[in-house]
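# Results of the structural survey
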Amino acid sequence: MNLPRRNLRYRLWAVATLLFVSLSAVASDPMDDVFSLLDSDGGTRSGSNKVDGYYVVAMGTSSRSSESKGYEEARMGALRQLTEMINGVAMSGSTQASMTYITVSDGGDSHEFSRETFVDVVNTQFQGQLSAAKILKKGKYDGNYFVAMVIAQSDLANIQALRSPAGSQQHNSGNTIIIATDSNNPNITSFGNAPTSVESKGLASMKSGEHKAREQAMHDAIRNAVQQAQGVMLQGKSGMFNDALAMALSTKTEGYVSSYEILDEDIERGSYYVIMMAEVDSGRLLNDVNFYLDILGQPVFSVRSDNEAKTDWITDELERLGFAINDGSGKPTHTFVLKQHQRPVEDHKGAKGIETSLTLSLKDIQNGDILFTVNNVPAKTRIYVQPERRARQVSEHVAFKQMKKKLGPEVIQSLAKRAETGVVYKIVLNNARRTDVDIFKHVLNNGTSGTVETWSWDKKGKTMTLDYRFSGPLSEAFDQSLNEIYSSFKKQGKGRRPHMKKVDNRAAYFDIVRS
């Protein structure tokens, strides 16, 4: 039977109607279908309820050992299944992975390096858009990674309501769509400041006891409510910074929920679940999404390492989060410096082994500041196996696995902290008078987003130095204020004016001259 292909809403309705016409009118919930799909190792489920209308849930799974590659393969599997069910068109493609081992001999010593390659080539030429598809849940179950995605009639209606006649834009390549974009950031939709009511479900294992499980399920439900609101706000599930945004906002989720009502809670299949109706502060969430999208899109990273064979994991993780990696065509703004050291150890029984120490630093190239430095836990990398070459390899693998868990959160938190606090720059005025500081302070404090915090006066050298805190490059601050500084001096400088000599990554230098 050929389904009509007039629009995505009709196709979704048609699929759900055909599949569920014989079922009872009992309302279903997408999260319940997730539990069912976990037991059946993925697939698709459809249903309907008062909140979502008709919906389709698809789950992809992966048995890969790599977390990032496992989630990506599972996401692609879920997307393929959604595409096949909603549009009636299969996504063709291939997925392959390989591990290459290289042994390098240097005199009597030999070193073995490994390199993993992962290729997923997919033909996404399909009819219709999956702009309303969003990740409902992802995690690890029974040893496999899984990603569950949902597309619901209510989300389609929400997206349609967010579109403006003049501002709606559709791009027909791939599976992304930009809708009613915010004027400051084309990656998010226009979103009201009023609270948004979201029904969400949280789940937690009973292994830690009922009290702890209930608490964890509450946190999970709140987190899912915020992610649902965030999902409607973003352009679609394939936004380049979606994972980074989720990581950045994860520590603030409870702050976005002003109130909630518990609709149901119980124990099922060894897990505690909570269903709630949460009020999400959309305005605050939108402000933070704008803030993070702005700072995440600015840096371009490069990598320096003692072990060049192990730098790929850094670039892979950064690219997965959406960051730009320096390709040689421009200049990087930040650089990672990775230092590695291995040393022999011995346990209480006299067994010989290897321990690996890693230090990873992120440096702001523009001003030379170190944004963060993290270390692994060397004691947990002690490997006592023979031959020694194998112990070195396994110890190194454990050390990098430790460091990988820290990389994403450290990068995002350090960039956010830097943007929130700003950088203190020096503004040096030569041949100055003490009254000149008033003009500079007034213009910089009122004409830019920065603040003059302190100033010092060298009477002998006639030099005034201002400590100016600004979130961004110093040149950007003067792009905003230099004309106003000149104009103010013309009116109040009593025949004197500033002449800018130089602006670098740390300071700006002016000579005060006569007009």
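Residues numbered from 1 in each chain as written. Predicted model: local features only at pLDDT ≥ 70, side-chain atom pairs only at ≥ 80, totals over all residues. Heavy atoms only, no water.

### A word on the overall build of the protein chain
What counts, and what does not: What counts as a helix is a DSSP run of H or I of at least four residues, what counts as a strand is a run of E of at least two, and both are numbered from the N terminus. Under the scheme applied here, a residue whose accessible area is under 20% of the maximum for its type counts as buried, over 50% as exposed, and between as partly exposed, the area being computed with a 1.4 Å probe on protein chains only. The contact rule is simple, with two residues in contact once any of their heavy atoms fall within 4.5 Å.
Along its length, the protein chain carries twelve helices and 19 strands. The 515 residues of the protein chain split such that 44% are buried. Nonlocal contacts in the protein chain, meaning residues at least 24 apart in sequence, comprise 63% of its contacts between residues at least 6 apart.

### Let's talk about a positive patch on the surface
Quick reminder of the rule: For patches, a residue must show more than 30% relative accessible area and have no salt bridge; joins then use 9 Å for like charges and 5 Å for nonpolar side chains, namely Val, Leu, Ile, Met, Phe, Trp and Tyr. Only the protein chains shown count as cover for residues, and the accessible areas themselves come from Shrake-Rupley with a 1.4 Å probe. The rule for a salt bridge is simple: a side-chain nitrogen of Lys or Arg has to be within 4 Å of a carboxyl oxygen of Asp or Glu. Two residue types count as positive, namely Lys and Arg, and two as negative, namely Asp and Glu; His and chain ends fall outside the count. To locate a charge, the coordinates of NZ of Lys, CZ of Arg, CG of Asp or CD of Glu are taken.
Residues Lys140, Lys380, Lys401 and Lys405 make up a contiguous surface patch of positive charge. Structurally, Lys380 can be placed in the loop between β14 (370-375) and α10 (388-421). Its relative accessible area of 62% is what places Lys380 among the exposed residues.

### Here we look at helix α12 (residues 474-492)
Filter applied, for reference: At every residue, the bend is computed as the angle between two fitted axes, covering the seven residues ending there and the seven beginning there respectively.
The sharpest bend along α12 reaches about 50° and sits at Ser481. Contacts from the buried residues of α12 go to β15 (423-430), α11 (436-447), β17 (463-470), β18 (496-503) and β19 (507-514). Two residues or fewer after α12 comes Lys494, characterised by a positive phi angle close to 55°.

### Digging into the pairing of strand β10 (residues 300-305)
This is how the line gets drawn: What makes two strands pair is DSSP finding at least two bridges between them. Throughout, right-handed denotes a crossover for which the path from the first strand over the helix to the second runs clockwise when the strands point away from the viewer.
As paired strands, β10 and strand β11 (residues 324-325) are joined by two bridges and run parallel to one another. The residue of β11 that forms the bridge with Phe301 is Ile325. In terms of handedness, the path from β10 via helix α9 (residues 312-321) over to β11 forms a crossover that is right-handed. The pairing of β10 with strand β12 (residues 334-346) spans five bridges and is parallel. Counted as the bridge partner of Phe301 is His334 from β12.

### Some details on the pattern of salt bridges
Under the definition given, this model contains 19 salt bridges. Among the ionic pairs, Asp369 bridges to Arg506, the shortest N-O distance being 3.1 Å. Within this pair, whereas Asp369 is found in the loop between β13 (352-364) and β14, its partner Arg506 is found in the loop between β18 and β19, the two being separated by 137 residues in sequence. Judged by relative accessible area, Asp369 falls into the partly exposed class, the value being 23%.

### With respect to the packing of aromatic side chains
Going by this rule: The rule is short: rings of Phe, Tyr and Trp, with Trp giving its six-membered ring, pair when the centres are within 6.5 Å, and they are stacked under 30 degrees, edge-to-face over 60, tilted in between. A ring has a charge above it when a Lys NZ or an Arg CZ is no more than 6 Å from the ring centre and no more than 35 degrees off the ring normal.
Applying the stated rule across the entire model yields nine aromatic pairs. Members of the aromatic cluster, each reached through a chain of ring pairs, are Phe301, Phe323, Phe336 and Phe372. The cationic tip of Lys138 hangs over the ring face of Tyr71; the distance from NZ or CZ to the ring centre is 4.7 Å. One cation-aromatic arrangement involves Lys201 over Tyr273; the distance from NZ or CZ to the ring centre is 4.5 Å.

### Description of the nonpolar core
As a reminder, the rule being used: For the purposes of this section, nonpolar cores are sets of buried Ala, Val, Leu, Ile, Met, Phe, Trp, Tyr and Cys residues that join through side-chain atoms within 4.5 Å.
The biggest cluster of nonpolar side chains holds 51 residues, and the ones touching the most others in it are Tyr292, Phe323, Phe336, Leu360 and Val411. The element that contributes the greatest number of residues to this core is α10, accounting for nine residues. Those residues in contact with Val411 that lie beyond four places of it in its chain are Phe301, Leu318, Phe323, Phe336 and Phe372. Core analysis: the second largest hydrophobic core is formed by 24 residues, Val437, Leu466, Tyr468 and Phe510 among them.

### Overview of the sheet that holds strand β5 (residues 134-141)
The line we're drawing: In this analysis an axis means a line fitted to C-alpha atoms, helices contributing only their contacting stretch, and an angle means the value between N-to-C directions, from 0 to 180 degrees.
Pairing is antiparallel across the open sheet formed by four strands, whose spatial order is β1-β2-β6-β5. For this open sheet the edge positions go to β1 (43-49) and β5, each flanked by a neighbour on one side alone. For this sheet, the mean angle separating the axes of adjacent strands, direction not counted, is 20°. Strand direction decides the pairing type here: β5 and strand β6 (residues 144-152), joined by seven bridges, are antiparallel. Within β6, the residue paired with Gly139 across the bridge is Phe146. Running over the sheet, helix α2 (residues 30-39) touches β1, β2 (53-62), β5 and β6 and is turned about 30° from β2.

### As for unusual backbone geometry
A cis amide bond, omega 5°, links Gln386 with the succeeding residue Pro387. Checked against the element boundaries, Pro387 lands in the loop between β14 and α10. In this model, Asn431 sits at a positive phi of 60°, which is unusual for a non-glycine residue. Although it is not a glycine, Lys494 adopts a positive phi angle of roughly 55°. Here Lys494 lies in the loop between α12 and β18.

### Details of the sheet that holds strand β7 (residues 196-205)
Either a parallel or an antiparallel arrangement is found when strands of a sheet pair, and the pairing is made through backbone hydrogen bonds. With antiparallel pairing, the three strands of this open sheet are ordered in space as β7-β9-β8. Each edge of the open sheet carries a strand with a single partner, namely β7 and β8 (257-268). Pairs of neighbouring strands in the sheet enclose a mean axial angle of 20°, with direction left out of account.

### Structural notes on the confidence of the model for the protein chain
Low pLDDT means the predicted atomic positions in that stretch should not be read closely. Note the following rule: Values of pLDDT, which run from 0 to 100, indicate the predictor's confidence residue by residue.
Per-residue confidence for the protein chain averages 76 on the pLDDT scale, and 76% of its residues sit at or above 70. Residue range residues 14-26 is modelled with pLDDT below 50. Its contacts to residues more than four positions away, or to other chains, number eleven contacts.

### Description of the environment of Lys137
Under the convention used in this document: The definition of a polar contact used here is a pair of N or O atoms within 3.5 Å, where within protein one atom must be able to donate a hydrogen and the other to accept one, and adjacent residues in sequence count solely through side-chain atom pairs.
Its location among the elements puts Lys137 in strand β5. On the basis of relative accessible area, Lys137 is assigned to the buried category, the value being 18%. Of the polar contacts made by the side chain of Lys137, one reaches the side chain of Asp220; its length is 2.8 Å.

### Some words on the packing of α9 against α10
What counts here: Handedness of a crossing is defined here by the sense of rotation of the near helix relative to the far one, left-handed for an anticlockwise turn of less than a right angle and right-handed for a clockwise turn. Under the scheme applied, nonpolar residues are Ala, Val, Leu, Ile, Met, Phe, Trp, Tyr, Cys and Pro; charged residues are Asp, Glu, Lys and Arg; polar residues are all the others, including Gly.
In the contact formed by α9 and α10, the axes pass within 11 Å of each other and the chain directions differ by 35°. The element α9 and its partner α10 pack so that their crossing is right-handed. From α9, Trp313, Ile314, Glu317, Leu318 and Leu321 reach across to α10, where they touch Phe400, Met403, Lys404, Leu407, Gly408 and Val411. The residue inventory of the contact of α9 with α10, partitioned by class, reads eight nonpolar, one polar and two charged.

### With respect to the pairing of β15
With eight bridges joining them, β15 and β17 adopt antiparallel strand pairing. From the neighbouring strand, Val423 faces β17, where its bridge partner is Phe470. Sheet topology note: the β15/β19 ladder contains five bridges and is parallel. Note on β19: the bridge partner recorded for Leu429 is Phe510.

### A few points about α11
Formally: For a helix, the expected span equals 1.5 Å multiplied by the number of residues minus one. Think of it as the arc spanned by the lines of direction from the helix axis to the C-beta atoms.
Helix length check: α11 (twelve residues) gives 16 Å between terminal C-alpha atoms against 16 Å at 1.5 Å per residue, within 8%. Residues of α11 that are buried include every one of Asp436, Val437, Ile439, Phe440, Val443 and Leu444, and no others. One face of α11 carries all of its buried residues, which in axial projection span an arc of 160°. Turned more than 90 degrees off the buried face of α11, the exposed positions are Asp438, His442 and Asn446. Lining the buried residues of α11 we find β15, β16 (451-458), β17, α12, β18 and β19.

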